[in-house]
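# Observations on the three-dimensional arrangement
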Amino acid sequence: MAQVRDGFQSRLGFVLAAAGAAVGLGNIWGFPTQAANHGGGAFLLAYFIVIFLLALPALYTELYLGHQAQANPVKALKQAWQEKQPSVGAAAGYIGLSGAIVMLSFYSIVAGWMLAHSLEPLTSLFGMDAVSQFLTGDSTTRNFVFTPLMLLLTAAIILKGVKSGIETWSRRLMPMLLLLLCCLIAYMATLEGAAEGFKAYLVPNFDKITDPDLIIAAMGQAFFSLSLGVGCMMIYGSYLKPNENLPKLTFSVAMLDTGVAFLAGLLIIPAIFVAQQNGVEVFQDGKLAGEGRLIFAILPELFKSMGQIGIWVGLTFFVLMSIASLTSTISSTEIPVSFLVENHGMERRKATWIVTLVILVCSSLIIMNFDWLFGLVISVFTRYQLPLMGLFYFITVGWMWKRGNTLLLDATGLRYWFAQYLRFICPILMTAVFVNVVINK
């Protein structure tokens, strides 16, 4: 089975795919507003520290579980718990599987919004006002048009497998995302008000460095921005060749993801201050606006205020956001698809369409009960599942998995101390993230 299993053919392909899984809407709209609201450069400093203390070990742990097992999360966790309670490991794998479907059910809706907004500048250019209003309006019909479109785009890539689909498209989409991001930053830097935004983002306010809210925000953002706790990284780790240098690859993925988050801040924060300079209201209760209002109200208003060039800036921005969405939906869809292929012997094509149909049904339920269900699904997923699964992975590698766990059995020197850090310190830090996210959100 392992010999015929599809996998990544190059280290670069893996790094771009795994970073693509991690780079999502949270990086591009969540990270910048967190930074701006928690002391700018002080938040960046705390964030970089937390990346090394918690996110890097968590990323390594999830990749390591998949890499050693060369299997999907259900098989990998069941195997790791074989000597203790295999049913517990398998159950955790199924929870991760369910979480991936839940995440995709709301993420595909938001990704559809990005796709719709990326078409709107073109309809505006050709004077199609009614279509523009439809694309940017908050209608159920629009959701039922663009959510399936995003699911079909994802399925088209997954159908081709790991090498020809995920790896090939990650090698195209990630460089395009970085290029668009850098072009937008360069243009935004030329506008009035941008300098104030760069200052707010990059100059540390060290009065806030000891603020518990800043530490909590940095810990939560570092963990969530790497897409840890669902099984994306476990499945990608399983597609690596057995002899790959996992620590080095883990570091590369984390640095690329962190680099994109940092660049997103260089774009979004100056853009907000440029918008303020143009008379757009950007503050709510003394804090910079975040989430939906930032992406779907403030920035489009800014683009409109730019005149003709704003159409192209808006188009570029929402294409960027659509790419970020797609690289994330690809990785999450691969989790249940690989499970059906490996555990149930299903053909990839059939598995892909079944998973796509299930996600469409779940998305449709959310769309039809949007007002109460959308926020609830996001809340349960981000506050509870992600940190608890991250904690479970640490406990699995550090305490429950014995036979075949080379990290514990063969560890000497620096590797030994890293193993002890995973066993004792990381579970404490992860528990702190969970408790504080629950209490403070």
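None of these values were measured; they are calculated from a predicted model. (Residues numbered from 1 in each chain as written. Predicted model: local features only at pLDDT ≥ 70, side-chain atom pairs only at ≥ 80, totals over all residues. Heavy atoms only, no water.)

## Topic: the nonpolar core
Among the nonpolar cores identified, the biggest contains 153 residues, and Phe14, Tyr236 and Phe317 are the most heavily contacted of them. At 18 residues, the largest contribution of residues to this core is made by helix H12 (residues 246-277). Excluding its chain neighbours within four sequence positions, the residues that come into contact with phenylalanine 317 are Leu184, Leu267, Ile268, Ile295, Leu299 and Phe303. (Core = buried A, V, L, I, M, F, W, Y, C linked by side-chain atoms within 4.5 Å. Buried < 20%, exposed > 50% of the residue type's maximum accessible area, 1.4 Å probe, protein only. Helix = DSSP H or I, 4+ residues; strand = E, 2+ residues; numbered from the N terminus. Contact = heavy atoms within 4.5 Å.)

## With respect to the side chain of threonine 154
Residue position: threonine 154 is located in helix H7 (residues 140-158). The class of threonine 154 is buried, set by a relative accessible area of 3%. Apart from residues lying up to four places away in sequence, threonine 154 is in contact with Leu326, Thr329, Ile330 and Thr333.

## Some details on the packing of aromatic side chains
Each aromatic ring pair is specified by the distance between its two centres and by the angle formed by the two planes. This structure, assessed with the given rule, holds 27 aromatic pairs. Ring centres 5.3 Å apart and planes at 40° place the aromatic pair tyrosine 64 and tryptophan 401 in the tilted group. Residue tyrosine 64 is found in helix H3 (residues 41-69), and its partner tryptophan 401 is found in the loop between helix H16 (370-400) and helix H17 (406-409); the two are separated by 337 residues along the sequence. Judged by centre distance (6.0 Å) and plane angle (55°), the rings of tryptophan 113 and phenylalanine 370 are tilted. Of this pair, tryptophan 113 sits in helix H5 (residues 86-125) while phenylalanine 370 sits in helix H16; the two residues are 257 residues apart in sequence, bridging distant segments of the chain. Here the aromatic residues Phe106, Trp113, Phe296, Phe303, Phe317, Phe318, Phe370, Phe374 and Phe381 are joined through ring pairs into a cluster of three or more. Just above the ring of tryptophan 169 sits the side chain of arginine 172; from NZ or CZ to the centre is 4.6 Å. Between the NZ or CZ atom of arginine 423 and the centre of the ring of tryptophan 399, over which it lies, the distance is 3.9 Å. (Phe/Tyr/Trp six-rings, centres within 6.5 Å; stacked < 30°, edge-to-face > 60°. Lys NZ or Arg CZ within 6 Å of the ring centre and 35° of its normal.)

## Some remarks on the side chain of threonine 250
Counting through the fold element by element, threonine 250 comes out in helix H12. Residues within four places of threonine 250 in sequence aside, it is in contact with Leu56, Leu59, Tyr60 and Leu63.

## What about the environment of proline 387?
Mapped onto the elements, proline 387 comes out in helix H16. Separated by 201 residues in sequence, proline 387 and alanine 186 place their C-alpha atoms 36 Å apart. Among residues more than four places away in sequence, those in contact with proline 387 are Phe223, Phe224, Thr382, Met430 and Phe434.

## A few points about unusual backbone geometry
The phi angle at glutamine 70 is positive, at roughly 50°, despite the residue not being glycine. Secondary-structure assignment places glutamine 70 in the loop between H3 and helix H4 (73-80).

## Re H4
Inspection of H4 places Pro73, Val74, Ala76, Leu77 and Ala80 among the buried residues, and these make up the whole buried set. Here the buried residues of H4 occupy an arc of 165° about the axis, which is enough to place them on one side. Elements in contact with the buried residues of H4: H3, H5, helix H11 (232-238), helix H14 (308-344) and H16. Two or three places before valine 74, at the start of H4, stands the capping residue asparagine 72, its side-chain oxygen 3.1 Å from that residue's backbone nitrogen. (Arc of directions from axis to C-beta. Polar contact = N/O pair within 3.5 Å; in protein donor to acceptor, adjacent residues only side chain to side chain.)

## A look at the pattern of salt bridges
Counted according to the given criterion, the structure contains four salt bridges. The shortest N-O distance in the salt bridge between glutamate 342 and arginine 5 comes to 2.6 Å. Here the residue glutamate 342 occupies a position in helix H14, and arginine 5 occupies one in the segment before helix H1 (11-22), the gap between them amounting to 337 residues. For arginine 5, a relative accessible area of 16% translates into the label buried. A salt bridge links arginine 348 to glutamate 334; the shortest N-O distance between them is 2.8 Å. Of this pair, arginine 348 sits in helix H15 (residues 348-368) while glutamate 334 is found in helix H14, placing the two residues 14 residues apart along the sequence. (Salt bridge = Lys/Arg side-chain N within 4 Å of Asp/Glu carboxyl O.)

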